[in-house]
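Observations on the three-dimensional arrangement
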Amino acid sequence: MTVLSWRVSRIGNTRHLHYTTLFQFHGACEFRMSTNESTVRSTPSRESDAAKFGSFGGVFTPCTLTILGVIMFLRFGYVVGNTGLVYALLILLAAKAITVLTTLSLSAIATNTKIEGGGAYFLISRSLGVEFGGAIGVVFFLAQAISVSMYVIGFTEAFMAVTGNALEFKWVAIATNFAVFICVYIGAGWTIKVQYFILAILGASLVSFFIGGIGDFQWANITANVSSSFVDGENHFTMFALFFPAVTGIMAGANMSGDLKNPGKSIPNGTLWAIVATALVYATMAFFLAGTRTSGELTSNNLIISDIAQWPILITAGVFAATLSSALGSMMGAPRILQALARDNIFPSLKFFGAGAGQSSEPRRAIILTFILSSGCILAADLNSIAPLITMAFMITYGTLNLATFYEGITRNPSYRPTFRYSHWVTSLLGAAGCVSVMFLINRNWAIVSILIMTAIYFLIYRKQMESRWGDLNSGLLFERTRRNLLRLEKHLYHPKNWRPIVLAMSGGWTRPHLALIGHWLTSGCGILSLGQVIQGDVEDRVDRIINQEELLEKFIAEEKLEAFPNIVAAPSVIEGIEYLVQCGGLGAVRPNTLLMGWPDEVGKAEVVVSSVRVIAALRRNIVIAKWDEEVNDPRVTPSGSIDVWWRGRKNGELMLLLAHLMKQNAQWRNRTIRLMRVVSDDAALDDVRTHLDELSANSRIDADSHVFVSKDPVLEIQKQSSLAAVTILGFEMPDEGSEAEFYQQMTRLSNNLSRVLFVNSTGNMKLES
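The numbers attached to residues start from 1 for each chain and follow its sequence in the written order. For this predicted model, a pLDDT threshold of at least 70 governs which residues receive local features, and a threshold of 80 or more governs which side-chain atom pairs are given and counted, while totals over whole chains, interfaces and linings are taken from all residues. The side-chain quantities take in all heavy atoms of the structure and omit both hydrogens and water.

A closer look at the overall build of the chain
- Helix and strand labels come from DSSP, where a helix needs a run of H or I of at least four residues and a strand needs a run of E of at least two; each type is numbered from the N terminus. Secondary structure assignment for the chain yields 29 helices and 10 strands.
- The cut-offs for exposure are 20% and 50% of the maximum accessible area for each residue type, with area from a 1.4 Å probe on protein chains only; residues under the lower value are buried, those over the upper are exposed, and the others partly exposed. By the burial criterion, 57% of the 770 residues in the chain qualify as buried.
- Every residue pair with non-hydrogen atoms within 4.5 Å of one another is taken to be in contact. Partitioning the contacts of the chain with sequence separation of at least 6, the portion at a separation of at least 24 is 84%.
- For the chain, the exposed surface amounts to about 32200 Å²; the carbon and sulfur share of it is 58%. Only the protein chains shown count as cover for residues, and all accessible areas are computed by the Shrake-Rupley method using a 1.4 Å probe.

Structure, rendered in structure tokens:
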């Protein structure tokens, strides 16, 4: 009896409410979670089904032991005395509602995948991805490892009070911790057998309480205790914060996933039945507490349950059972989380702890580390500041689990097909919101600290650019967002102000790298680039080559660090293939609006190319033809000089000037000057044209220097002024049918002596001044 009184005096003081809550929370939250997280890998070498556990031993028992913990014995009377019977039942109902919602999410996600072990870490990492999973894994492992010391200290306090403080406290705690370590080191089967014994003690203590309660019950007390009667500093919110940790621990069964015969069936059934059974226990206890003692007695005596019980010694045994079972559970769970984390190789330095021993792959290396960490915390003996963070770690885990199920449901991922049918994304969202609310209700400061720590670990993993070897919902979420945005783009009226370059560059795979690089310069950071290649021949005869060329093109894109997509087709001819790509490339509003191709090197090819370009222009696609002297210029080296735009009117000029601006946005071109240029036939037009060009660049908000030249021969003037330009941009009109050869000769003469030229033909689907 003294043991309970001395311990409660540390827990029950209102000024140390958080310590009580957290201590009890963990006692109640009993990181039993871990009690089993049986080994995390379902491999053929795992123990046979005969050695695994069913719903009762593997799920119901650890969950029940976790939920019926220290708070029930030492603090539930205080809650009932303050809130009264009605509000106590409402607090119980609200707390259970949150855990039921989380259990629905847990059941759905547990029946949607083959669970290999690792408990919450495994479920969250396989849904939300490696970043969330890794962050949860680290926080959850440390929380459970440290919580072992908390439960061991609680057990030692009770033990020392009973034995009269004849022994050194720390040595008794270390010895207890070592005994827990030995039990867990032997294996999961031994620990489960121990839990059956502990469950029997817990049942006996409850029987003792209810028998005593029947003898002392008075309806007058019920009438008096219906309404609230708060002591100073307490209210409904503080009572909810104090009680809520008692109903946690629902992950205890999921942590046994690797040791269950049928996880998909046992986890939902065992967990939900544990919630129902413990809810009935708490509700009945609240009724008997209110009916046997006055509110003053309930709030002033933390040992009220022991006073009511027929055999008080059984209540003392129940407290021993609650703390010891929690220590065993945490010592079981923490190593299995670390083992799963190490096997996924998220942190290479932890790989050593991924090894398993024996047929059941017991994480003995991780168990030893957990023992060392918990022993260090026992020697430190100052857990008051750590306890709140442990509580928050559990709440973050539950909230993240709800979030994972919410995203799985709302993205309508075809792979999300849980056999548990009673979960919906609405219930998952409510569960996540409830967990976050409880975090801030218990302790706002620690809630913020916990979220910041989780965020820091998340971004640490994210910066490592790790790719998970398992499917998660990140890709599904991205797909769903993309799908919705594509539909929105299709429905919204197009506006020239929102024009973006969606370029199809006919780079021939990687054989014309300058076209790929030009396309990258025009689209980087603001548009979409596809690298097109046409393989001549029948598609049935070219399947293997298409696949091979796609792999090579993807490798080229990666090596050149381009933001591009490969697009390869088989066609009877190159020209037909280009037309196929233009017509069929892209999706919805994200179809190529600009074709980028190379300048033909002879008249015969030019006639065919120009004929095809005429068809493509009729399809409302912009045409950009690059005449690049690859023998003189390495396409990977940005040439020196200016970007010259020769203005001849708005039809092509607006797109020409915008392309120059887009090119200059790249780091390699940032120091190049855009020159907006025009040739006039006499001096009288000089000032007006220069003013017009200045206004044009000002209204379009593009920094460009205006230059106007007087010449009777525009072609020679262009060649003279742009001979040293980095790139020259010229517009062209589509030639009439039959004049392709003449067009080729004219454009060749115009670009003579210019090393790099972009010929532009615009459909007029964008406006500079929008």
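Picking up where we left off.
Some points on the packing of helix α12 (residues 236-243) against helix α19 (residues 425-442)
- Fitting a line to C-alpha atoms yields each axis, with helices limited to the stretch in contact; the angle taken between N-to-C directions then spans 0 to 180 degrees. At their nearest, the axes of α12 and α19 sit 9 Å apart, and the two run at 110 degrees to each other. Comparing their axes, α19 and α12 come out roughly perpendicular. In this structure, α12 uses Phe237, Phe240 and Ala241 to contact α19, whose residues at the interface are Val438, Leu441 and Ile442.
- The class makeup of the residues in the contact of α12 with α19 is six nonpolar, no polar and no charged. Working definition: roughly parallel below 35 degrees, roughly antiparallel above 145 degrees, roughly perpendicular at 65 to 115 degrees, and oblique for all remaining angles. Three classes are used, and their members are as follows: Ala, Val, Leu, Ile, Met, Phe, Trp, Tyr, Cys and Pro are nonpolar, Asp, Glu, Lys and Arg are charged, and the others, Gly among them, are polar.

A few points about the sheet that holds strand β10 (residues 756-761)
- Here the rule is simple: two strands pair whenever DSSP picks up at least two bridges between them. If you trace the 10 strands from one edge of the open sheet to the other, you get β3-β2-β1-β4-β5-β10-β9-β6-β7-β8, paired in mixed fashion. The sheet is open, and its two borders are formed by β3 (565-571) and β8 (705-710), each paired with just one other strand. Averaged over neighbouring strand pairs, the angle between their axes works out to 25 degrees when direction is ignored.
- One ladder, built from four bridges, connects strand β1 (residues 502-505) with strand β2 (residues 528-536); its direction is parallel. Paired with Ala505 across the bridge in β2 is Leu531.

Some details on α19
- Multiplying 1.5 Å by the residue count of a helix minus one yields the expected span of that helix. Compared with an ideal rise of 1.5 Å per residue, which puts 18 residues at 26 Å, α19 spans 26 Å between its outermost C-alpha atoms and is within 8% of the ideal.
- For α19, the full list of buried residues reads Thr427, Ser428, Gly431, Ala432, Gly434, Cys435, Val438, Met439 and Ile442. Taken down its axis, α19 places every buried residue within 160 degrees of arc, on the same side. The directions from the helix axis to the C-beta atoms form the arc being described.

Description of the packing of aromatic side chains
- For Phe, Tyr and Trp, rings pair up if their centres lie within 6.5 Å, where Trp contributes its six-membered ring, and each pair is then called stacked (planes under 30 degrees apart), edge-to-face (over 60) or tilted (otherwise). The final tally for this structure, using the stated rule, is 29 aromatic pairs.
- Here, a charge over a ring is recorded when the distance from Lys NZ or Arg CZ to the ring centre is within 6 Å and its angle to the ring normal is within 35 degrees. A cation over an aromatic ring shows up here: Arg364 above the ring of Tyr185, its NZ or CZ 4.9 Å from the ring centre.
- Positioned over the ring face of Phe352 is Arg365, at 4.1 Å from the centre of the ring.

Here's the deal with helix α27 (residues 686-699)
- For α27, which comprises 14 residues, the first-to-last C-alpha distance of 20 Å matches the rise-based estimate of 20 Å (1.5 Å per residue) to within 8%.
- Along α27, the positions that sit buried rather than exposed are Leu686, Val689, Leu693, Leu696 and Ser697. When α27 is viewed along its axis, its buried side chains cluster within an angular range of 100 degrees and face the same direction. Those residues of α27 that are exposed and angled more than 90 degrees off the buried face are Asp687, Asp688 and Ala698.

Regarding the environment of Trp647
- You can see Trp647 is positioned in the loop between β6 (643-646) and α26 (650-664).
- A relative accessible area of 3% places Trp647 in the buried class.
- Sequence spacing of Trp647 and Leu693 is 46 residues, and the spatial spacing of their C-alpha atoms is 8.7 Å.
- Apart from residues lying up to four places away in sequence, Trp647 is in contact with Gly653, Glu654, Leu676, Met677, Arg678, His692, Leu693 and Leu696.

Overview of the side chain of Thr176
- Checked against the element boundaries, Thr176 lands in helix α9 (residues 169-186).
- Once residues lying within four places of it in the same chain are set aside, the contact partners of Thr176 are Val152, Phe155 and Thr156.

Some details on the nonpolar core
- The set of buried Ala, Val, Leu, Ile, Met, Phe, Trp, Tyr and Cys residues whose side-chain atoms join them within 4.5 Å is what this entry labels a nonpolar core. Within the largest apolar cluster, 128 residues are counted, with the highest numbers of intra-cluster contacts made by Met72, Phe76, Phe243, Tyr282, Met285 and Leu289.
- The element that contributes the greatest number of residues to this core is helix α8 (residues 130-163), accounting for 15 residues.
- Once residues lying within four places of it in the same chain are set aside, the contact partners of Leu289 are Phe76, Gly77, Val80, Phe209, Leu298, Ile304, Ile305 and Ile308.
- Counting 54 residues, the second-largest nonpolar core is a separate cluster that includes Ala626, Met656, Trp669 and Met766.

A look at the packing of α8 against α9
- Put simply, α8 and α9 touch, their axes get as near as 9 Å, and they point 125 degrees apart. Considered as vectors, α8 and α9 are oriented oblique to each other. In the packing of α8 onto α9, the handedness of the crossing is right-handed. The residues of α9 that touch α8, namely those facing Val148, Val152, Ile153, Phe155, Thr156, Glu157, Phe159 and Met160, are Phe169, Val172, Ala173, Thr176 and Asn177. For any helix crossing, the convention is left-handed if the near helix is rotated counterclockwise from the far helix by under a right angle, and right-handed if that rotation is clockwise.

Considering the pairing of strand β9 (residues 727-731)
- Taking burial as the measure, the five residues of β9 include five buried ones, the bulk of the element.
- In β9, alternate side chains face the same way, and those of Val727, Ile729 and Gly731 on one face and Thr728 and Leu730 on the other are all buried.
- Bridge analysis of β6 against β9 gives three bridges, and the strand direction is parallel. By the bridge assignment, Val645 is partnered in β9 with Ile729.

Some details on the environment of Pro513
- The residue Pro513 is located in helix α22 (residues 513-523) in this model.
- C-alpha of Pro513 to C-alpha of Glu560: the two residues are 47 residues apart in sequence and 9.4 Å apart in space.

What to know about the pattern of salt bridges
- Only one rule defines a salt bridge in this text: a Lys or Arg side-chain nitrogen within 4 Å of an Asp or Glu carboxyl oxygen. Within this structure, the stated rule accounts for six salt bridges.
- A salt bridge links Arg336 to Glu362, with the shortest nitrogen-to-oxygen separation between them at 2.6 Å. Here Arg336 is found in helix α16 (residues 312-343), whereas its partner Glu362 is found in the loop between α16 and α17 (364-380), with 26 residues between them in sequence.
- The partner of Glu654 in a salt bridge is Arg650, with the nearest N and O atoms 2.9 Å apart. Here Arg650 and Glu654 lie together in helix α26, a separation of four residues that amounts to about one turn.

As for the side chain of Ser642
- Tracing the backbone shows Ser642 in the loop between β5 (622-628) and β6.
- Polar contacts here mean pairs of N or O atoms no more than 3.5 Å apart (in protein, one a potential hydrogen donor and the other a potential acceptor; neighbouring residues in sequence count only if both atoms are side-chain atoms). Polar contacts involving the side chain of Ser642 include one to the side chain of Asp644, which spans 2.7 Å.

Points about the confidence of the model for the chain
- Summing up the model confidence of the chain, the mean pLDDT is 81 and the portion of residues at 70 or higher is 86%.
- Note on residues 1-48: pLDDT under 50 across the span, and 217 contacts to partners over four residues away in sequence or across chains. What pLDDT conveys is the predictor's confidence in a given residue, as a value from 0 to 100.

Some points on unusual backbone geometry
- Phi at Asn345 takes a positive value of approximately 60 degrees, unusual for a residue other than glycine.
- As for its position among the elements, Asn345 is in the loop between α16 and α17.
- Residue classification places Asn345 among the partly exposed residues on the basis of a relative accessible area of 30%.
- The phi angle at Lys561 is positive, at roughly 55 degrees, despite the residue not being glycine.
- Locating Lys561 in the fold gives a position in the loop between α23 (543-559) and β3.
- Exposure remark for Lys561: the relative accessible area of 70% places this residue in the exposed category.

Description of a nonpolar patch on the surface
- Judged by side-chain polarity, Val86, Tyr87, Leu90, Leu93 and Val226 come together as a nonpolar surface patch covering roughly 430 Å² of accessible area.
- Structurally, the position occupied by Leu90 is in helix α6 (residues 76-110).
- A residue is classified by how much of its surface remains accessible, and Leu90, at 41% relative accessible area, is partly exposed. Only residues whose relative accessible area exceeds 30% and that form no salt bridge are eligible for patches; like-charged ones are grouped when within 9 Å, while nonpolar side chains (Val, Leu, Ile, Met, Phe, Trp, Tyr) are grouped when within 5 Å.

Examining the pairing of β5
- Along β5, six of the seven residues are buried, which leaves the element largely enclosed by surrounding structure.
- Sheet analysis places strand β4 (residues 594-598) next to β5, joined by five bridges and oriented parallel. Across the sheet, the residue bridging to Gly598 is Ala626, located in β5.
- By definition, the crossover connecting two strands over a helix is right-handed if that path, from the first strand to the second, turns clockwise as seen with the strands pointing away from the viewer. After leaving β4, the chain enters helix α25 (residues 603-618) and then returns to the sheet as β5, a path that is right-handed.
- When β5 meets β10, the two strands line up antiparallel, connected through six bridges. If you follow Ile623 over to β10, its bridge partner there is Asn761.

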